[in-house]
Amino acid sequence: MSYIPDEITLTNYLYGELSEDESNKVEEYLKQNPAMAAEIKGLSSTREIMSAYDDKEVIPPLDLSNKPKNSNVSDVRKRISRIMAIAASVSLLLVVGYFTDFKLSYNDQGLFIGFKKQTEIPQGVTLDQIESLLDAALDKNLAVQNQNLVEVKTEMQSDYQSLFINQGKTFETKLEQRMNFDKQELDRYTKDLQEKNAILVNDYFRTAGLEQQTYVKNLLIDFTGYLEEQRVQDRDFYLNRLIDLKLSSDLKQQETEQMLTSIIKSVNNISTEETTQNF
Amino acid sequence: MYAETMLDIAMNHSDSLINQAKNGDNRAKDKLVNLWYKRIYNFAYKYFSDHDEAMDVTQKTFIAFHEKIWQLKEVAGFKAWLYKIASNHCHEVTRQQDRSHQHFSTQKAEDVHREATAIFFNPDRKYQRSELNGILQEALNTLNEEQRTVVIMKEYEGLKFKEIAEVLELPENTVKSRLYYGLTHLKKVLVARNITTEILQS
C-alpha cells in the first residue's frame with residue numbers, strides 16, 4: 001500500500017476532523033500497520049488521561065478597570081512626580097528669593113551674594129569698620145527677612161485654610177454623588193441578578209420537566225415491554241400446562257382402556273370356565 | 001454539571017455583551033471578566049505551573065481587555081482575541097525571566113520531578129485527585145513552550161485549530177504538527193511513569 005498519512009492527517013483523524021473517505025483510508029492504513037495503530041491508540045489514551053487534569057478554582061476580582069495598567073505606567077508617574085517636586089522646590093526658592101530681595105552679582109570688585117541693595121564699601125576703611133558695617137547690614141537684613149517670613153507664613157496659612165475648606169466641601173459632594181451612584185449600581189445589579197436567577201430557575205424547571213417527561217416515557221415503554229413479556233410468558237405457561245393436561249388425560253384414557261380390557265378379559269375367562277364346568 | 005453547562009452556554013452566547021463592552025459599557029465588561037476569568041487563569045496556570053505568575057498574567061490580560069476591547073474587529077473573534085492577549089503576556093513573562101530565575105525554576109522543576117518519579121514507579125498506588133493533577137502538570141512541564149501552549153489551548157481550552165492558528169499567528173498545519181509531537185511526547189512521559197487509563201478508572 002503506497003498511502004502513508006502524515007502527522008497532520010493523523011492529527012485530523014485523532015480529532016475527528018477528516019472526511020469519511022479520508023478517514024476510511026487512514027483506517028485501512030492502520031489495519032495494515034499495527035504499530036502505527038497502537039501509536040494512535042496510545043495518543044488517544046494520552047488525551048483521555050490528560051483530560052483528567054481538573055481546573056483550579058479562582059475568584060474574579062470585583063473591579064479590574066481601575067487598577068494601574070502596569071509597572072511602566074507607575075514608573076512614568078513616579079518620574080513625573082519627581083519632576084514636579086523639583087519644579088515646586090525651584091519655584092519656592094524663587095518666591096523666597098523675591099521676597100527677601102536676594103542678589104547675586106559679579107564685577108571688578110569680586111563676587112557679591114547678599115540681600116537687598118548692594119552697599120558701596122568706602123575706600124580706605126578699616127577692618128573693624130567693615131565688620132560693623134556688615135553686622136549692621138546683616139541685622140537689618142535679618143529683620144526684613146523675619147518680617148517677610150511672617151507675612152508669607154500668614155498668607156500661606158490663610159491659603160491653606162481656604163483650600164482645606166473648599167476641598168472638604170468638594171470631597172463631601174463627591175462622596176455623596178458616589179454613594180448615590182453606588183446605590184443605583186447596587187439596585188441595578190440586584191435587579192439584574194434577580195432576572196438572571198429567574199431565567200436560571202425557569203431553565204432549570206424546564207430542563208428538569210423535559211428530563212422527567214423523558215424518564216416517565218421511558219418508564220412507560222419499559223413497563224409496556226415488561227407487560228408484553230409477562231403476557232407471553234403466561235401464555236407459554238398455560239399452553240404448556242394444557243399440553244401436560246392433555247398428555248395426562250391421554251395416559252389416563254389408555255390406563256382406563258387397559259383396565260377395562262383386562263376386566264373384560266377376566267370376565268370372559270370366568271364365564272368360559274363356568275360354561276366348561278357345567279358341561 | 002448543570003452550572004457548568006449554563007456557564008459554557010453563557011460564554012459561547014455572549015455576542016450582545018461583547019458588543020456592549022465594545023461600546024464602552026462597563027457592566028458588560030465586568031460580566032465578561034466574570035465569565036472568562038477562570039478560563040484565562042487556568043490557561044496561565046497550566047502554562048507556568050505557578051499561581052502568582054498565573055494571577056499576574058490574568059490581571060494583565062483583563063486590564064488590556066478593558067482598555068482595548070473597542071479595537072476588537074469581529075465579535076466572533078473575541079475568544080481568539082482574548083487568548084491572544086493572554087498568550088502574549090505569558091510569552092513576555094517567559095522572555096523576561098532572567099537566568100537566575102530560570103535556574104531556580106529548573107531546580108524547582110527537578111525537585112518536583114524527583115517527587116513525582118517516586119510516586120510514578122509504584123504501580124499499585126491509588127492516586128488522590130490532587131496528586132494526579134500534580135503528575136499531569138509535571139508531564140505538561142516537560143513540553144517545550146510552543147508545544148505546551150498548543151496542547152493547553154486544544155485539550156483544556158477547547159480552541160479550534162483555526163483559532164489557535166490565529167492566536168499564535170501560525171499556519172494551521174504547523175499547529176497540528178506541534179500538537180501531534182506534543183501528544184507523542186506526553187505519551188512517552190506517561191508510559192515511562194506508568195500512568196494508564198486504568199488508573200483513571202480506579
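Here we summarise the structure given alongside this text. Because the structure is predicted, anything quoted here is derived from the model rather than measured.

## With respect to the overall build of chain B
Scanning chain B from terminus to terminus reveals eleven helices and zero strands. When the helices and strands of chain B are read in sequence order from the N terminus, they spell out α-α-α-α-α-α-α-α-α-α-α. Buried positions account for 48% of the 202 residues belonging to chain B. Residue pairs at least 24 apart in sequence account for 65% of intrachain contacts in chain B once pairs closer than 6 positions are excluded. Carbon and sulfur atoms make up 50% of the accessible area of chain B, which amounts to about 10400 Å² in all.

## Side note on the interface of chain A and chain B
Each partner contributes residues to the interface: chain A has 41 residues there, and chain B has 45 residues. The junction of chain A with chain B conceals about 4300 Å² of combined surface from both sides, 64% of it contributed by carbon and sulfur atoms. Our enumeration of links across chain A and chain B arrives at seven salt bridges. Residues glutamate 57 of chain A and lysine 38 of chain B are paired through a salt bridge, measuring 2.9 Å at the closest nitrogen-oxygen approach. At the boundary of chain A with chain B, the tally comes to 14 residue pairs in polar contact (both at pLDDT 80 or more). Mapped onto the side of chain A that touches chain B, the elements with two or more residues apiece are α1 (7–14), α3 (34–50) and α5 (127–278) of chain A. For the side of chain A that touches chain B, the leading source of residues is α3 of chain A, giving ten residues. In terms of residue class, the side of chain A that touches chain B is built from 18 nonpolar, seven polar and 16 charged.

## Quick look at the nonpolar core
Residue and element names in this part refer to chain B. If you look at the biggest cluster of nonpolar residues, it comprises 73 residues, and the most contacted ones within it are Leu32, Trp36, Phe62, Phe65, Phe78 and Leu136. Sorting elements by how many residues they give to this core places helix α3 (residues 26–48) first, with 13 residues. Contact partners of tryptophan 36, with chain neighbours within four places excluded, come to Met11, Phe62, Phe78, Lys79, Leu82 and Tyr83.

## Some points on the packing of helix α2 (residues 20–32) of chain A against α3 of chain A
All names here are of chain A. One way to put it is that α2 packs onto α3 with a least axis distance of 5 Å and a crossing angle of 115°. For the pair formed by α2 and α3, the contact residues are Tyr29, Leu30 and Gln32 on the first element and Pro34, Met36, Ala37 and Ile40 on the second. For the contact of α2 with α3, the residue count by class is six nonpolar, one polar and no charged.

## Examining the packing of aromatic side chains
For the structure shown, the criterion picks out 18 aromatic pairs over all chains. Here the aromatic rings of tyrosine 15 of chain A and phenylalanine 161 of chain B are separated by 5.6 Å at their centres, their planes lie at 80°, and the arrangement is edge-to-face. A residue pair is termed interchain when its members come from two chains, as with tyrosine 15 of chain A in the loop between α1 and α2 and phenylalanine 161 of chain B in helix α9 (residues 161–168). Pair check on accessibility: tyrosine 15 of chain A and phenylalanine 161 of chain B agree, each one buried. When the centroid spacing of 4.8 Å and the interplanar angle of 70° are considered together, the rings of tyrosine 47 of chain B and phenylalanine 48 of chain B count as edge-to-face. Like phenylalanine 48 of chain B, tyrosine 47 of chain B is buried. Feature note: the residues Trp36, Tyr37, Phe43, Tyr47, Phe48, Phe62, Phe65, Phe78, Trp81 and Tyr83 of chain B constitute an aromatic cluster, connected by ring pairs. For the cation-ring pair, lysine 154 of chain B lies above phenylalanine 161 of chain B, with the distance from its terminal atom to the ring centre recorded as 4.2 Å.

## Digging into a negative patch on the surface
Residues and elements named next belong to chain A. On the surface, Asp128, Glu131, Asp135 and Asp139 cluster together to form a negatively charged patch. Position of aspartate 128 among the secondary structure elements: in helix α5. Among the residues examined, aspartate 128 registers a relative accessible area of 58% and is labelled exposed.

## Looking at the pattern of salt bridges
Under the counting rule described, the total for this entry stands at 19 salt bridges over all chains. Measuring nitrogen to oxygen at the nearest pair gives 3.2 Å for the salt bridge that ties aspartate 182 of chain A to arginine 178 of chain A. Taken as a pair, aspartate 182 of chain A and arginine 178 of chain A lie in helix α5 at a separation of four residues, close to a single helical turn. You can call arginine 178 of chain A partly exposed: its relative accessible area is 47%. Each of Asp55 of chain A together with Arg39, Lys46 and Glu157 of chain B takes part in a single network of salt bridges with overlapping partners.

## Describing empty space enclosed by the protein
Residues and elements named next belong to chain B. Throughout the structure, instances matching the rule amount to one cavity of 30 Å³ or more. One number sums up the size of the largest cavity: a volume of about 30 Å³. Lining the largest cavity we find Val57, Lys60, His89, Glu92, Val93 and Gln96. Mapped onto the lining of the largest cavity, the elements with two or more residues apiece are α4 (51–68) and α5 (78–96).

## Here's the deal with the packing of α1 of chain A against α2 of chain A
Residue and element names in this part refer to chain A. Across the interface, α1 lies against α2 with an axial gap of 11 Å and an inter-helix angle of 105°. Between α1 and α2, the angle is such that the two are roughly perpendicular. Residues Thr9, Leu10 and Tyr13 of α1 form the contact with α2, whose participating residues are Ser23, Val26, Glu27 and Leu30. Counted by class, the contact of α1 with α2 contains four nonpolar, two polar and one charged residues.

## Focus on the environment of histidine 185 of chain B
Residues and elements named next belong to chain B. Looking at where histidine 185 falls in the secondary structure, it is placed in helix α10 (residues 172–192). Separated by 45 residues in sequence, histidine 185 and leucine 140 have C-alpha atoms that sit 9.6 Å apart. Excluding its chain neighbours within four sequence positions, the residues that come into contact with histidine 185 are Thr142 and Leu143.

## Let's talk about unusual backbone geometry
Residue and element names in this part refer to chain B. Positive phi, close to 60°, is recorded for serine 49, a residue that is not glycine. In this structure, serine 49 sits in the loop between α3 and α4. Residue serine 49 is classed as partly exposed on the basis of its relative accessible area, which comes to 23%. Despite not being glycine, glutamate 169 has its phi angle at roughly 55°, a positive value. Note on placement: glutamate 169 falls in the loop between α9 and α10. Overall, glutamate 169 belongs to the exposed group, its relative accessible area being 60%.

The rules behind the values
Residues numbered from 1 in each chain as written. Chains lettered and ligands numbered in written order. Predicted model: local features only at pLDDT ≥ 70, side-chain atom pairs only at ≥ 80, totals over all residues. Heavy atoms only, no water. Helix = DSSP H or I, 4+ residues; strand = E, 2+ residues; numbered from the N terminus. Buried < 20%, exposed > 50% of the residue type's maximum accessible area, 1.4 Å probe, protein only. Contact = heavy atoms within 4.5 Å. Areas by Shrake-Rupley, 256 points an atom, 1.4 Å probe, with all protein chains shown as cover. Buried area = accessible area lost by both parts, 1.4 Å probe. Salt bridge = Lys/Arg side-chain N within 4 Å of Asp/Glu carboxyl O. Polar contact = N/O pair within 3.5 Å; in protein donor to acceptor, adjacent residues only side chain to side chain. Nonpolar A, V, L, I, M, F, W, Y, C, P; charged D, E, K, R; others polar. Core = buried A, V, L, I, M, F, W, Y, C linked by side-chain atoms within 4.5 Å. Axes fitted to C-alpha atoms, helices over the stretch in contact; angles between N-to-C directions. Phe/Tyr/Trp six-rings, centres within 6.5 Å; stacked < 30°, edge-to-face > 60°. Lys NZ or Arg CZ within 6 Å of the ring centre and 35° of its normal. Patch = residues over 30% accessible without salt bridge, like charges linked within 9 Å, V, L, I, M, F, W, Y side chains within 5 Å. Lys, Arg positive; Asp, Glu negative; His and termini not counted. Charge placed at Lys NZ, Arg CZ, Asp CG, Glu CD. 1 Å grid on protein atoms, 1.4 Å probe; cavity = no way out; pocket = protein on both sides within 12 Å on 5 of 7 lines; lining within 4 Å. Points joined across faces, edges and corners; volume = space filled by probe spheres on them. Parallel < 35°, antiparallel > 145°, perpendicular 65-115°, else oblique.

Read these as spatial facts, not as claims about activity.
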